[in-house]
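Given next are the chains, with one letter for each unit.
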Amino acid sequence: DSLMYSLKGHWKVWEGFYVRSALSSHIRLPSFTELYYGDPTTWGNPGLSPERSFDYEAGFDHRQGASSCGVTFFVRKEKNIIDWVKSGPVEALWEARNIDRGTTRGIEAYARQELRDTVSLEETYTFAQRNLEDDGYLYKYGVNYARHQGAVRVIVRALGGAQAIGIRYKKKPARDGWVLLDAKFEYPFGKAAVFLSFENLLGTEYQEIEGVAEPARYAECGMRFTW
């Protein structure tokens, strides 16, 4: 029952057109917090079982020159999902519990176009629908998956490096979506690369976890090495 595996296949159908499929199994053990944490409103559960998930994917890719696009259809079957829940609003404690079963179905799509020798455009979109057999639980942190995710990014290769600016969109069920503007600059030096990235340049107010505000703006700089 603890077996994990991953099988993938990729086939060329005709010139520039490929099909692929994947099958995998994963396990997530309960964390120390989920097992033993306790405070006046939240309580761990030492009797939790590990999460199990089974993922099935099928899709295709089309490539023509430096441009490409593709679509993936996926299904994720879950057992013993671990989350912080309570049975109703009058129940005092949020408790870590196993949710019997869940199924997520969705589609991912991407495209990349070379607009010029030094400019490219990338687009991605993901839609997901999750259904849980949870007996109507209330969730402490809300529904924890995105139903819609999309991004558009322009990449310019100039001045000895790459500069990118992009827009990301995310929407979770029963909540308003949000849009973030990001930028990244990267310049290689031999086997090293210096980068500077900015997230949420417009200072959008949003919450990945409902009730917990994310930073208004975020910047990161650093150096990567390869050998």
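Details of the structure are given in the entry above.
So, a few notes on the structure that sits alongside this text. Model, not experiment: these values are computed from the prediction.

**Considering the overall build of the protein**
Here comes step 1: Check the secondary structure of the protein and you find one helix and 13 strands.
Here comes step 2: When its helices and strands are written in sequence order, the protein yields β-β-α-β-β-β-β-β-β-β-β-β-β-β.
Here comes step 3: When the backbone C-alpha atoms are referred to their principal axes, the protein occupies close to 60 × 45 × 40 Å.
Here comes step 4: The long-range fraction of contacts in the protein, counting pairs at least 24 apart against all pairs at least 6 apart in sequence, stands at 52%.
Here comes step 5: Just so you have it, the protein exposes about 14,200 Å², and 59% of that area is on carbon and sulfur atoms.

**Let's talk about the packing of aromatic side chains**
Here comes step 1: Going through the model one piece at a time under the given rule, you end up with five aromatic pairs.
Here comes step 2: Ring centres of F17 and F60 lie 5.5 Å apart, and the angle between their planes is 15°; on these two criteria the pair is classed as stacked. Residue F17 is found in strand β2 (residues 17-28), and its partner F60 is found in strand β4 (residues 51-64); the two are separated by 43 residues along the sequence.
Here comes step 3: Ring plane angle 80° and centroid distance 6.4 Å describe the contact between F185 and F198, whose orientation is recorded as edge-to-face. Taken together, the positions of F185 in strand β11 (residues 178-189) and F198 in strand β12 (residues 192-199) put the pair 13 residues apart, joining distant regions of the chain.
Here comes step 4: Accessibility expressed as a relative area gives 25% for F198, which makes it partly exposed.
Here comes step 5: An aromatic cluster of three or more residues is present, and its members are W14, F17 and F60.
Here comes step 6: The side chain of R63 reaches across the aromatic face of Y18, ending 4.6 Å from its centre.

**A short note on the pairing of strand β6 (residues 94-116)**
Here comes step 1: Bridging between strand β3 (residues 42-43) and β6 involves two bridges; their strand directions are parallel. Pairing of W43 across the sheet is with E95, part of β6.
Here comes step 2: In terms of strand pairing, strand β5 (residues 67-86) meets β6 through 17 bridges, oriented antiparallel. Bridging across to β6, F74 finds its partner in G106.
Here comes step 3: Sheet analysis places β6 next to strand β7 (residues 119-133), joined by 15 bridges and oriented antiparallel. Directly across from G106, in β7, lies its bridge partner A128.

**Some details on the environment of P46**
Here comes step 1: Mapped onto the elements, P46 comes out in the loop between β3 and β4.
Here comes step 2: Excluding residues within four positions of it along the chain, P46 makes contact with L35 and Y36.

**Overview of the pattern of salt bridges**
Here comes step 1: The tally for this structure, following the rule as stated, stands at 19 salt bridges.
Here comes step 2: Residue D100 pairs with R101 through a salt bridge whose shortest N-O separation is 4.0 Å.
Here comes step 3: With a closest N to O distance of 3.5 Å, E114 and R112 form a salt bridge.
Here comes step 4: Note on E114: relative accessible area 28%, which makes it partly exposed.

**With respect to the environment of W178**
Here comes step 1: One can find W178 in strand β11.
Here comes step 2: Overall, W178 belongs to the buried group, its relative accessible area being 6%.
Here comes step 3: For the pair W178 and E208, spaced 30 residues apart in sequence, the C-alpha to C-alpha distance is 9.9 Å.
Here comes step 4: Those residues in contact with W178, other than ones at most four positions away along the chain, are R168, Y169, K170, K172, T204, Y206, Q207 and E208.

Definitions and cut-offs
Residues numbered from 1 in each chain as written. Predicted model: local features only at pLDDT ≥ 70, side-chain atom pairs only at ≥ 80, totals over all residues. Heavy atoms only, no water. Helix = DSSP H or I, 4+ residues; strand = E, 2+ residues; numbered from the N terminus. Contact = heavy atoms within 4.5 Å. Areas by Shrake-Rupley, 256 points an atom, 1.4 Å probe, with all protein chains shown as cover. Phe/Tyr/Trp six-rings, centres within 6.5 Å; stacked < 30°, edge-to-face > 60°. Buried < 20%, exposed > 50% of the residue type's maximum accessible area, 1.4 Å probe, protein only. Lys NZ or Arg CZ within 6 Å of the ring centre and 35° of its normal. Pairing = 2+ DSSP bridges. Salt bridge = Lys/Arg side-chain N within 4 Å of Asp/Glu carboxyl O.

This is a description of form; function is not addressed.
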